[in-house]
Amino acid sequence: MTLGFSSYIRLFEKDFSEFCTARLNPLGLSGGLLYFLLYIGKHAGCTPSDLSSALRADSGHAARCIAKLEQLSYLERKRSEQDKRVTELFLTQEGKKAFSAVQGLFSEWENMVLEPLSEQERLTLHTLMQRIVPKLSFVCAKPHGLEAASSDASTRNLPPSCGL
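Keep in mind it's a predicted model, so treat the numbers as computed, not measured.

A.B. asks: Explain the overall build of the chain to me, please; I cannot follow it from the model alone.
C.D. replies: When its secondary structure is counted, the chain shows seven helices and two strands. The order of helices and strands in the chain, counted from the N terminus, is α-α-α-α-β-β-α-α-α. Out of the 164 residues belonging to the chain, those deemed buried represent 30%. Counting only contacts in the chain whose residues sit at least 6 apart along the sequence, the fraction spanning at least 24 positions is 52%. As presented, the chain carries roughly 10200 Å² of accessible surface, and 56% of it is formed by carbon and sulfur atoms.

Here's what the structure looks like:
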């Protein structure tokens, strides 16, 4: 029996989730908190509103994740120097250590999974995936191209509207 495309996607998703869980649990983090930690690490001084918009999370969920990161001593809130009404988010020293520990998770997993492929096969796979991504209307709100959002492998070629 041949698996359908969505079955392969689900296998990748499950494997990546389990991989992340194994790496994140010792840090007290979950897969959901990972993206919040990464965003704040890459956008020091962002506001809770910036964070929830970028990650497409409702404000209540974002507030709970911010509180959890604060509880873990990974995050601190500071009042903006320009506007005292605005709260800005920054990683603490512990948060920066956790950020350093997890920012390579994406490329580490990708290298493990793609190890059997030649460099040319990897390039072909990435090219094909880039052709499919614009059809992911449920993931990113706006139609988009594949401009590189970052040189970091963890967010390479994600559409800007995906928040990372």
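A.B. asks: Sorry, what's going on with the side chain of Ser52 here?
C.D. replies: Tracing the backbone shows Ser52 in helix α3 (residues 48-54). Assessed through its relative accessible area of 11%, Ser52 is described here as buried.

A.B. asks: Sorry, what's going on with the pattern of salt bridges here?
C.D. replies: Side chains bearing opposite charge may pair, as long as their charged atoms lie close to each other. Counting across every chain of the model gives eight salt bridges. Close ionic contact of Glu81 with Lys84 constitutes a salt bridge, the shortest N to O distance being 3.9 Å. Lys84 matches Glu81 in its accessibility class, with the two residues each being exposed. The partner of Arg85 in a salt bridge is Asp83, with the nearest N and O atoms 2.9 Å apart. On the basis of relative accessibility, which here comes to 73%, the residue Arg85 falls in the exposed class. A relative accessible area of 22% means that Asp83 is categorised as partly exposed.

A.B. asks: Mind showing me how you'd approach the pairing of strand β2 (residues 87-91) here?
C.D. replies: Along any regular strand the residues' side chains alternate between the sheet's two faces. Burial runs high along β2: four of the five residues are buried. Strand direction decides the pairing type here: strand β1 (residues 75-79) and β2, joined by five bridges, are antiparallel. Counted as the bridge partner of Leu75 is Leu91 from β2.

A.B. asks: I tried to follow unusual backbone geometry on my own but got confused; where do I start?
C.D. replies: In most cases, non-glycine residues show a negative phi, while peptide bonds are predominantly trans. Here the phi dihedral of Arg56 falls at roughly 55°; this positive angle occurs in a residue that is not glycine. Relative to the elements of secondary structure, Arg56 occurs in the loop between α3 and α4 (59-71). At Ser73, a position not held by glycine, the phi torsion is positive, near 65°. Turning to its location among the elements, Ser73 is positioned in the loop between α4 and β1.

A.B. asks: Even after reading the chapter, I still don't get the side chain of Arg122, so can you show me in this structure?
C.D. replies: Relative to the helices and strands, Arg122 resides in helix α7 (residues 119-132). Glu119 provides the closest opposite charge to the buried, unpaired Arg122, separated from it by 4.8 Å. A distance of 3.1 Å separates a polar side-chain atom of Arg122 from the backbone oxygen of Leu114.

A.B. asks: Please explain helix α6 (residues 105-114) as it appears in this structure.
C.D. replies: In an α-helix, one turn spans 3.6 residues; hence positions three or four apart end up facing the same way. Of all the residues in α6, the buried ones are Leu105, Phe106, Trp109, Glu110 and Leu114. Seen from one end, α6 has its buried residues packed into an arc of 140°, which puts them on one side. Check the buried side of α6 and you find it contacts α1 (5-24), α2 (31-42), α5 (93-102) and α7.

How each quantity is defined
Residues numbered from 1 in each chain as written. Predicted model: local features only at pLDDT ≥ 70, side-chain atom pairs only at ≥ 80, totals over all residues. Heavy atoms only, no water. Helix = DSSP H or I, 4+ residues; strand = E, 2+ residues; numbered from the N terminus. Buried < 20%, exposed > 50% of the residue type's maximum accessible area, 1.4 Å probe, protein only. Contact = heavy atoms within 4.5 Å. Areas by Shrake-Rupley, 256 points an atom, 1.4 Å probe, with all protein chains shown as cover. Salt bridge = Lys/Arg side-chain N within 4 Å of Asp/Glu carboxyl O. Pairing = 2+ DSSP bridges. Lys, Arg positive; Asp, Glu negative; His and termini not counted. Polar contact = N/O pair within 3.5 Å; in protein donor to acceptor, adjacent residues only side chain to side chain. Arc of directions from axis to C-beta.

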